[in-house]
Amino acid sequence: MRSHLCAAIPELYILWITMAQIAGQEDREKTTALKDLLSRIDLDELMKKDEPPFTFPKTLEEFEYAFNEYGQLRHIKTGEPFVFNAREDLHRWNQKRYEALGEIITQYVYELLEEKCNMTKAIVPVDARVDEVNSIISLSLDDATEDEATSFIYLSPDALYNPSKLLVLIQGSGVVRAGQWARRLIINQDLDSGTQIPFITRAIEEGYGVMVLNPNENYLEVEKPAMFSPLPSPTEPSDEPAEKRERKDDKEGKKKREFYEKYRNPQKETETERIPVRENGSSEEHVLYVWDHFVSKAAAKNVFIVAHSYGGLSFVELMNQREMQVKNRACAVALTDSAHNIWLQETSKGTQDWMQQHCCNWVSSPEPLDTPLDPMLPDCPRVSAGTERHELTSWMSFNSIFRFFSEVLEAKEDEEAVESSNIVTTRSSSLKNKHQDL
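What counts and what doesn't
- Residues numbered from 1 in each chain as written.
- Predicted model: local features only at pLDDT ≥ 70, side-chain atom pairs only at ≥ 80, totals over all residues.
- Heavy atoms only, no water.
- Salt bridge = Lys/Arg side-chain N within 4 Å of Asp/Glu carboxyl O.
- Helix = DSSP H or I, 4+ residues; strand = E, 2+ residues; numbered from the N terminus.
- Buried < 20%, exposed > 50% of the residue type's maximum accessible area, 1.4 Å probe, protein only.
- Expected span 1.5 Å × (residues − 1).
- Patch = residues over 30% accessible without salt bridge, like charges linked within 9 Å, V, L, I, M, F, W, Y side chains within 5 Å.
- Areas by Shrake-Rupley, 256 points an atom, 1.4 Å probe, with all protein chains shown as cover.
- Lys, Arg positive; Asp, Glu negative; His and termini not counted.
- Charge placed at Lys NZ, Arg CZ, Asp CG, Glu CD.
- Pairing = 2+ DSSP bridges.
- Contact = heavy atoms within 4.5 Å.
- 1 Å grid on protein atoms, 1.4 Å probe; cavity = no way out; pocket = protein on both sides within 12 Å on 5 of 7 lines; lining within 4 Å.
- Points joined across faces, edges and corners; volume = space filled by probe spheres on them.
- Nonpolar A, V, L, I, M, F, W, Y, C, P; charged D, E, K, R; others polar.
- Axes fitted to C-alpha atoms, helices over the stretch in contact; angles between N-to-C directions.
- Parallel < 35°, antiparallel > 145°, perpendicular 65-115°, else oblique.
- Left-handed = near helix turned anticlockwise from the far one by under 90°.
- Core = buried A, V, L, I, M, F, W, Y, C linked by side-chain atoms within 4.5 Å.
- pLDDT = per-residue confidence, 0-100.

## Topic: the pattern of salt bridges
Part 1: Summed over all chains, the structure comprises 13 salt bridges.
Part 2: Here Arg 183 makes a salt bridge to Glu 103, at a shortest N to O gap of 3.7 Å. Placement of Arg 183 in helix H5 (residues 183-188) and of Glu 103 in helix H4 (residues 91-115) is noted, with a sequence separation of 80 residues between them.
Part 3: Residues Arg 389 and Glu 391 are paired through a salt bridge, measuring 3.1 Å at the closest nitrogen-oxygen approach.
Part 4: Linked through salt bridges whose partners overlap, the residues forming this network are Asp 127, Glu 148, Arg 278 and Glu 279.

## Here we look at unusual backbone geometry
Part 1: A cis amide bond links Val 124 with the next residue in sequence, Pro 125, at an omega value of 0°.
Part 2: Its place among the elements puts Pro 125 in the loop between strand S3 (120-124) and strand S4 (151-155).
Part 3: Of note, the phi angle at Glu 64 is positive, near 65°, even though the residue is not glycine.
Part 4: Positionally, Glu 64 belongs in the loop between helix H3 (60-63) and strand S1 (65-67).
Part 5: Given the relative accessible area of 29%, Glu 64 is considered partly exposed.
Part 6: At Ser 309, a position not held by glycine, the phi torsion is positive, near 55°.
Part 7: Tracing the backbone shows Ser 309 in the loop between strand S9 (302-308) and helix H10 (310-321).

## Some remarks on H10
Side chains three or four residues apart in an α-helix point the same way, a direct result of the helix having 3.6 residues per turn.
Part 1: Between the first and last C-alpha of H10 there are 17 Å, a value that for 12 residues agrees with the 16 Å anticipated at 1.5 Å per step.
Part 2: Listed as buried for H10 are Gly 311, Gly 312, Leu 313, Ser 314, Phe 315, Val 316, Leu 318 and Met 319.

## Some words on a negative patch on the surface
Part 1: Residues Glu 407, Glu 410, Glu 413 and Asp 414 make up a contiguous surface patch of negative charge.
Part 2: Here Glu 407 is to be found in helix H14 (residues 398-437).

## As for the pairing of strand S6 (residues 208-212)
Part 1: Of all the five residues making up S6, five are buried; the element is thus mostly covered by neighbouring parts of the structure.
Part 2: Where burial is concerned, the two faces of S6 agree: the one with Tyr 208, Val 210 and Val 212 and the one with Gly 209 and Met 211 are both buried.
Part 3: Pairing of S4 with S6, which is carried by two bridges, proceeds in the antiparallel orientation. Bridge assignment links Tyr 154 to a residue of S6, and that residue is Val 212.

## Concerning the side chain of Gln 352
Part 1: Mapping Gln 352 onto the fold places it in helix H12 (residues 349-358).
Part 2: For Gln 352, a relative accessible area of 11% translates into the label buried.
Part 3: Apart from residues no more than four positions distant in its own chain, Gln 352 is found in contact with Ile 342, Thr 347, Pro 378 and Asp 379.

## Points about empty space enclosed by the protein
Part 1: A full pass over the atoms with the stated rule returns one cavity of 30 Å³ or more.
Part 2: Its volume calculated, the largest cavity comes out at about 50 Å³.
Part 3: As for the largest cavity, its lining consists of Val 168, Ile 170, Leu 213, Val 287, Val 290, Trp 291, Val 295, Ile 305 and Leu 318.
Part 4: Of all the secondary structure elements, the ones that give two or more residues to the lining of the largest cavity are strand S5 (165-170) and helix H9 (283-293).
Part 5: If you tally residues by element for the lining of the largest cavity, the top one is H9, at three residues.
Part 6: Of the residues that constitute the lining of the largest cavity, the class distribution is nine nonpolar, no polar and no charged.

## A closer look at the environment of Leu 318
Part 1: Tracing the backbone shows Leu 318 in helix H10.
Part 2: Discounting residues that sit within four places of it in the chain, Leu 318 has contacts with Val 287, Leu 288, Trp 291, Glu 323 and Val 326.

## Quick look at the layout of surface pockets
Part 1: Approximately 900 Å³ is the volume found for the largest pocket.
Part 2: Taken together, 29 residues line the largest pocket, and the ones lying closest to its centre are Glu 99, Ala 100, Glu 103, Ile 104 and Arg 183.
Part 3: Listed by contribution, the elements that provide at least two residues to the lining of the largest pocket are H3, H4 and strand S7 (219-223).
Part 4: Taken together, the residues that form the lining of the largest pocket break down as nine nonpolar, eight polar and 12 charged.

## As for the packing of H10 against H12
Part 1: Where H10 contacts H12, the axes come no closer than 10 Å and their chain directions differ by 130°. Between H10 and H12, the angle falls in the class oblique. Between H10 and H12 lies a crossing whose hand is right-handed. In this structure, H10 contributes Phe 315, Val 316 and Met 319 to the contact, and H12 contributes Thr 351, Trp 354 and Met 355.

## Thoughts on the nonpolar core
Soluble, globular proteins show a tendency: their nonpolar side chains are buried together.
Part 1: Ranked by internal contacts, the top residues of the largest apolar core, which has 52 residues, are Leu 167, Val 306 and Phe 405.
Part 2: Among the elements that take part in this core, H4 stands out by supplying 10 residues, more than any other.
Part 3: When sequence neighbours within four positions are dropped, the list of residues in contact with Phe 405 reads Leu 167, Tyr 208, Phe 304, Ile 305, Val 306, Ala 332, Val 333 and Ala 334.
Part 4: Core analysis: the next-biggest nonpolar cluster, separate from the first, contains 35 residues, Leu 155, Val 168, Ala 298 and Val 326 among them.

## A closer look at the confidence of the model for the chain
Part 1: Here the chain averages 82 in pLDDT, and 70% of its residues register 70 or above.
Part 2: This stretch, residues 128-143, has a pLDDT under 50; its non-local contacts, to residues over four places away or in other chains, come to 22 contacts.
Part 3: Contacts of residues 259-266 to residues separated by more than four positions or lying in other chains number 16 contacts, the stretch itself having pLDDT below 50.

See the structure below:
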């Protein structure tokens, strides 16, 4: 019997291997089926299921929010700050609601620029050639080609004819528009920290003309026309009977319809395309265009610039393109956590030397305000903005920036006075010598 058992062992072994192979084949088939199922599931689409419609209020009052006397956004009924997570587990809906509020904030800041700061819009691009600088202020949409994408900047009443000082404000990148440093600060902190209005009002009080640039309003967003899906291409002929193939196709089609019906997106977002504003299609282009068509035409003897984050990169690019013009007109430049890089932007040695003398970069740092910091690149001095939050650097360095401008201007005027005195002394001495000779 033992011999029979020994003889049966190889057969049992073969049977075990065969069963294992069959089981493995079944596992592989299950794995393949699972992968196929997972490949059909769009997690983003799954998260959109049962999502409320993207219908949001159009005004602050409809949102039931208002700015209080301290410039803080508060709920009208509860007095509480803005709450992002209005609905739990619906991040996309909450984000869309936040963006809708942000668009209202943008219009609100525009109203403040016009009503509180008495500023006016100037449309770009400007196609009309103007000989008189002052006539630029009256430019309107009619000056640009009809129906083309346009943008705008803001000008104080004396921005183009103030003979002494002009302040130019350049924001960073992102959703912020003219008059804003950071939308997040406007919504969650206050208007003073998040907008450029404190810079504008103080500059006007101190006798500056002011230009507020709008480097992110550089495209027109339009809805894409509906695209028609092409007809399906004919399939290869099959050896299966037609009736069986039709039943199979109907079954597969029903499965797909049920699957996508279960996990469908209940609200399709409108597809849009962006049409760039001519000669203003990027922050760098916009800054260059405004310099050529507005700043260079302004009467101010001394131009001062404040540029935040990506605005600093756009300023350095302006220097690369208009080096001598900027050197001749700009008196001082305050950068706040600037994103520029003189090596990547291939900045000339002359520009680097000029920036060392005329620029200062207030950067995010745990050090106290105005503490000198080690330079990372050989361009301009770096000092602490007194905060580690990038978006707060402009507001935290507000007083330091105006003090910096005043000191630079005073030093320049003293130097010019000395030069003027030397010229007068030289002329007087020359006339005295001529009189003695006579």
